[in-house]
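Here are the chains, one letter per residue:
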There are 2 protein chains.
Amino acid sequence: MYQFDRDSHVRRLDPGLYEGTASDLWSVGPVPNGGYVLSLVMAALRQELASPDPLSITAHYLRPAAPGPFAVAVELVKAGRNYTTATARLTQNDREILRVLATYGDLEKSTGPEHIAAKPPVPPRAELPPAAPVPGFAPAIAHRFDTVYEPDSRRRLLGELHDRAELAGWLRFVDGRPMDVHSLGLIADAVAPPVFAVTDRGWVPTLELTVHVRARPVSEWLAFVFRTRFLFGGLLEEDGEIWDESGRLVAQSRQLAGAPRRG
Amino acid sequence: MYQFDRDSHVRRLDPGLYEGTASDLWSVGPVPNGGYVLSLVMAALRQELASPDPLSITAHYLRPAAPGPFAVAVELVKAGRNYTTATARLTQNDREILRVLATYGDLEKSTGPEHIAAKPPVPPRAELPPAAPVPGFAPAIAHRFDTVYEPDSRRRLLGELHDRAELAGWLRFVDGRPMDVHSLGLIADAVAPPVFAVTDRGWVPTLELTVHVRARPVSEWLAFVFRTRFLFGGLLEEDGEIWDESGRLVAQSRQLAGAPRRG
């Protein structure tokens, strides 16, 4: 069993009610990463809902999670012919940590016209240096992935380049777990905040994260780009694109977060 | 009283419970526009919540709305020191039309570092032709705004240019209603789908719309750009930026919608 599956396992207690134990392997400092916490809810939704793919999933972060026991309660909003909409609450010690609203569907079922006005955000892996840790950036979650940053992104993470708040590269699970739609909530929040290229580092509290899953990934490695263009008024957005190695966009993400702060 | 305020008025029946009547003046064909329907929920949240500004609001569209009576039920998720999170359901004849999850806060309260890597998406209004209707595009909602498209966008709407799915311009309410944070849910969905530049026209059903309000608008006119870069698998995203005349980004939006289809 792969580490991510072990650490996002939920057990069904009753219809709509799940429990599990949050790991400390996916944390930044003492706090489980927001994408990892979202994955715990997605693990419950995956079991509860008839539709296989999370088309759109929004999480509002109410309190920091902690490693340890949690419960997820799922409430069905509408089960339609093409889409299933549900809401879910993740709690720890009866305190609500995360509220989620999601619509699931079947990505293999529908077709239509194509218009794609973008290219994968990074060169092929073969043209980049091999995966290597970035000195000075090593939260627990960083050890769960092999990550290859494109050269400018690596310089931004090292504090050598401050031109813009953008990080792009390739990543995969260190244990080679295949990517699937259920891991994309994690991936959408797994990389360092790109805003660190233009500000002091600090805690960047996610208020809200939305992930659109657009295709089922077919490769172990995923290409990513995350960027922040609007940091002001104590808030920032972080936009993400995630592509698989076949050259297809598999997810888009956007989060609203607080500006980096100490402590 | 301005038309938008008349048509988004809700009456409080009980704590958390509101009712109103959806107008037919903000429709596309027989169906009230998705941004307008979101505004009805925002009118209830505005009355119910202590925090003044909708920082992040996500709506999942379950069924088409219809002009006529509706109810909104608001449930508080968490009232914190800085943020208030709530969920809301809009129903008509006891059928749920819209499920909303939102976090409100106070945009005037927080500050921090600034990094803005974008410019307003269109030239100043004075450099563009005056507002004029676009022949062939005239749903009811289009008559509620004065709209000035920049020249390429106008040609895309007229079916003369198919280079990309992007529409940019300026708009204001025809009756001069000042823009505020409560009208930005409407504005985020008020323009024709930019995908029409690259596909046949048709019904573009919104599955999910998220709006981040980043500043309180200070002008009657707002600049906008909406674009679709990824149309495939029967789905598309539509990203929006809305700026005020002082040159400040006031909102970002993203929706996931179905590809245009007939009927």
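This text goes with the structure placed above it.
Now for a quick tour of the structure. Just so we're clear, the structure is a prediction, and the values are computed from it rather than from any experiment.

## Considering the interface of chain B and chain A
Phase 1: Each side of the interface is counted separately: chain B has 60 residues, and chain A has 60 residues.
Phase 2: Buried surface at the junction of chain B and chain A, summed over both partners, amounts to about 5200 Å²; 60% is from carbon and sulfur atoms.
Phase 3: Scanning the region where chain B abuts chain A turns up seven salt bridges.
Phase 4: Applying the counting criterion to the chain B and chain A interface returns 23 residue pairs in polar contact (both at pLDDT 80 or more).

## Side note on helix α2 (residues 34–48) of chain A
Residues and elements named next belong to chain A.
Phase 1: With 15 residues, α2 should cover 21 Å at 1.5 Å per step; its first-to-last C-alpha distance of 21 Å lies within 8% of that length.
Phase 2: A large share of α2 lies buried, amounting to 12 of its 15 residues.
Phase 3: Those residues of α2 not exposed but buried are G34, G35, Y36, V37, L38, S39, L40, V41, M42, A43, A44 and L45.
Phase 4: The opening residue of α2 is N33, an N-cap whose side-chain oxygen sits 2.8 Å from the backbone nitrogen of G35.

## Thoughts on the packing of aromatic side chains
Aromatic ring pairs: the centre-centre distance and the angle between the two ring planes describe each pair.
Phase 1: Scanning all chains against the criterion turns up 18 aromatic pairs over all chains.
Phase 2: Both rings, one in A:F4 and one in A:F173, keep their centres 5.5 Å apart while their planes meet at 25°; by these two values the pair is stacked. Of this pair, A:F4 sits in helix α1 (residues 3–7) while A:F173 sits in strand β11 (residues 165–173), and the two are 169 residues apart along the sequence.
Phase 3: Overall, the relative accessible area of 3% leaves A:F4 in the buried class.
Phase 4: Of the aromatic side chains, those joined through ring pairs into one cluster are A:F4, A:W26, A:Y36, A:F145 and A:F173.
Phase 5: Sitting over the face of the ring of B:W26, B:R144 holds its NZ or CZ atom 5.8 Å from the ring centroid.
Phase 6: The ring of A:F232 has B:R214 lying over it, and the distance from NZ or CZ to the ring centre is 4.7 Å.

## Side note on the relation of the copies chain B and chain A
Phase 1: Rotating chain B by 180° and moving it 0.0 Å along the rotation axis overlays it on chain A with an RMSD of 0.0 Å. What the rotation and shift describe, once combined, is the action of a two-fold rotation axis.

## Quick notes on the environment of B:V225
Residue and element names in this part refer to chain B.
Phase 1: Structurally, V225 can be placed in strand β13 (residues 222–228).
Phase 2: According to the relative accessible area criterion, V225 is buried, its value standing at 2%.
Phase 3: Apart from residues lying up to four places away in sequence, V225 is in contact with P121, E166, L167, A168, D239, G240 and E241.

## Section: the pattern of salt bridges
Phase 1: Under the definition given, this model contains 44 salt bridges over all chains.
Phase 2: As a salt-bridge pair, A:E96 and A:R99 come within 2.6 Å of each other at their nearest N and O atoms.
Phase 3: The buried category is assigned to A:R99, whose relative accessible area is 5%.
Phase 4: Across the pair B:E19 and B:R11 runs a salt bridge whose closest N-O atoms are separated by 1.8 Å.
Phase 5: What you see here is one network of salt bridges that share partners, running through A:E150, A:R156, A:D163, A:R164, A:E166 and A:R227.

Parameters and conventions
Residues numbered from 1 in each chain as written. Chains lettered and ligands numbered in written order. Predicted model: local features only at pLDDT ≥ 70, side-chain atom pairs only at ≥ 80, totals over all residues. Heavy atoms only, no water. Contact = heavy atoms within 4.5 Å. Buried area = accessible area lost by both parts, 1.4 Å probe. Salt bridge = Lys/Arg side-chain N within 4 Å of Asp/Glu carboxyl O. Polar contact = N/O pair within 3.5 Å; in protein donor to acceptor, adjacent residues only side chain to side chain. Helix = DSSP H or I, 4+ residues; strand = E, 2+ residues; numbered from the N terminus. Expected span 1.5 Å × (residues − 1). Buried < 20%, exposed > 50% of the residue type's maximum accessible area, 1.4 Å probe, protein only. Phe/Tyr/Trp six-rings, centres within 6.5 Å; stacked < 30°, edge-to-face > 60°. Lys NZ or Arg CZ within 6 Å of the ring centre and 35° of its normal. Least-squares fit on C-alpha atoms with pLDDT ≥ 70 in both.

None of this, on its own, says anything about what the molecule does.
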